Amino acid sequence: MSATLKRAGSLHKAGIETVRDIYTGRQIPTQTILEDGSRNPLAAQREHVRSSSELYQRESLQMSYDNQNLAAIINNPENLQGYTTAERNNRKSDYTPEEMEVYDKNKHWEKANKRAEEYVKAKEAEGAERLKKEG
């Protein structure tokens, strides 16, 4: 995942002050720890559009891929598309799209979710085809 998308704290240390929120388009800070030592709820975090736990629970992916390959699917840029605020990321947590808060389902999320879901469905089909060939 770090090779795909750097942590916000690493970006901040490298002098990058803000990144674009994939859902709002706004610039959000990369400073994860505030001056008083508390965590910054508005800081950028890497965003899995479809949560790791949701994808790990999909039987079609579990049966088709080992843990290393499944992690690669979860952390692929089609699912790990960018950054959002820690506040939103924590609120979304491990929820499925059906369980998410309505206000987190904006048009930008819908576009990102469609892209992620198309990628995951293609990987499910690819895995099913491979299993079928293997018997």
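Cut-offs applied
- Residues numbered from 1 in each chain as written.
- Predicted model: local features only at pLDDT ≥ 70, side-chain atom pairs only at ≥ 80, totals over all residues.
- Heavy atoms only, no water.
- Helix = DSSP H or I, 4+ residues; strand = E, 2+ residues; numbered from the N terminus.
- Buried < 20%, exposed > 50% of the residue type's maximum accessible area, 1.4 Å probe, protein only.
- Areas by Shrake-Rupley, 256 points an atom, 1.4 Å probe, with all protein chains shown as cover.
- Lys, Arg positive; Asp, Glu negative; His and termini not counted.
- Charge placed at Lys NZ, Arg CZ, Asp CG, Glu CD.
- Expected span 1.5 Å × (residues − 1).
- Contact = heavy atoms within 4.5 Å.
- Phe/Tyr/Trp six-rings, centres within 6.5 Å; stacked < 30°, edge-to-face > 60°.
- Lys NZ or Arg CZ within 6 Å of the ring centre and 35° of its normal.
- Salt bridge = Lys/Arg side-chain N within 4 Å of Asp/Glu carboxyl O.
- Polar contact = N/O pair within 3.5 Å; in protein donor to acceptor, adjacent residues only side chain to side chain.

## Describing the overall build of the protein
- In terms of helices and strands, the protein carries six helices and four strands.
- Going residue by residue from the N terminus, the α and β elements of the protein occur as α-β-β-β-α-α-α-β-α-α.
- Each principal axis of the C-alpha atoms in the protein carries an extent, and together these give about 60 × 30 × 20 Å.
- Counting only residues that meet the buried cut, the protein has 39% of its 135 residues in that class.
- Working note: accessible area of the protein is about 8,300 Å², and carbon and sulfur atoms make up 48% of it.
- Taken as two groups, the 22 positive and 22 negative side-chain charges of the protein have centres that lie 4 Å from each other.

## Looking at helix α6 (residues 107-134)
- The end-to-end C-alpha separation of α6 is 41 Å, in line with the 40 Å expected for 28 residues at 1.5 Å each.
- Here α6 has its buried residues at Trp109, Ala112, Asn113, Ala116, Glu117, Tyr119, Val120, Lys123, Glu124 and Gly127.
- At its buried positions, α6 is contacted by α2 (52-57), α3 (59-64), α4 (67-74), β4 (80-85) and α5 (86-92).
- Count one or two residues on from α6 and you reach glycine 135, which has phi positive near 95 degrees.

## A closer look at the packing of aromatic side chains
- Enumeration over the complete set of coordinates arrives at zero aromatic pairs.
- The ring of tyrosine 65 has arginine 130 sitting right over it, with the charged end atom 5.3 Å from the ring centre.

## As for the pattern of salt bridges
- Throughout the structure, instances matching the rule amount to eleven salt bridges.
- Between glutamate 117 and arginine 58 there is a salt bridge whose closest N-O contact spans 2.8 Å. Of this pair, glutamate 117 sits in helix α6 while arginine 58 is found in the loop between α2 and α3, placing the two residues 59 residues apart along the sequence. Of the two residues, glutamate 117 and arginine 58, neither departs from the other in class, the shared state being buried.
- Put simply, lysine 123 and glutamate 126 hold a salt bridge, and the shortest N to O gap is 3.0 Å. Of the two residues, lysine 123 and glutamate 126 both sit in helix α6, three residues apart, roughly one turn of that helix.

## Here we look at the side chain of arginine 50
- Its place among the elements puts arginine 50 in the loop between β3 (44-48) and α2.
- A relative accessible area of 6% places arginine 50 in the buried class.
- Side-chain polar atoms of arginine 50 contact the side chain of glutamate 117, separated by 2.7 Å.
- Leaving out residues up to four positions away in the same chain, arginine 50 has contacts with Leu55, Arg58, Asn79, Pro97, Asn113, Ala116 and Glu117.

So far we have only geometry, and geometry alone does not tell us how the molecule works.
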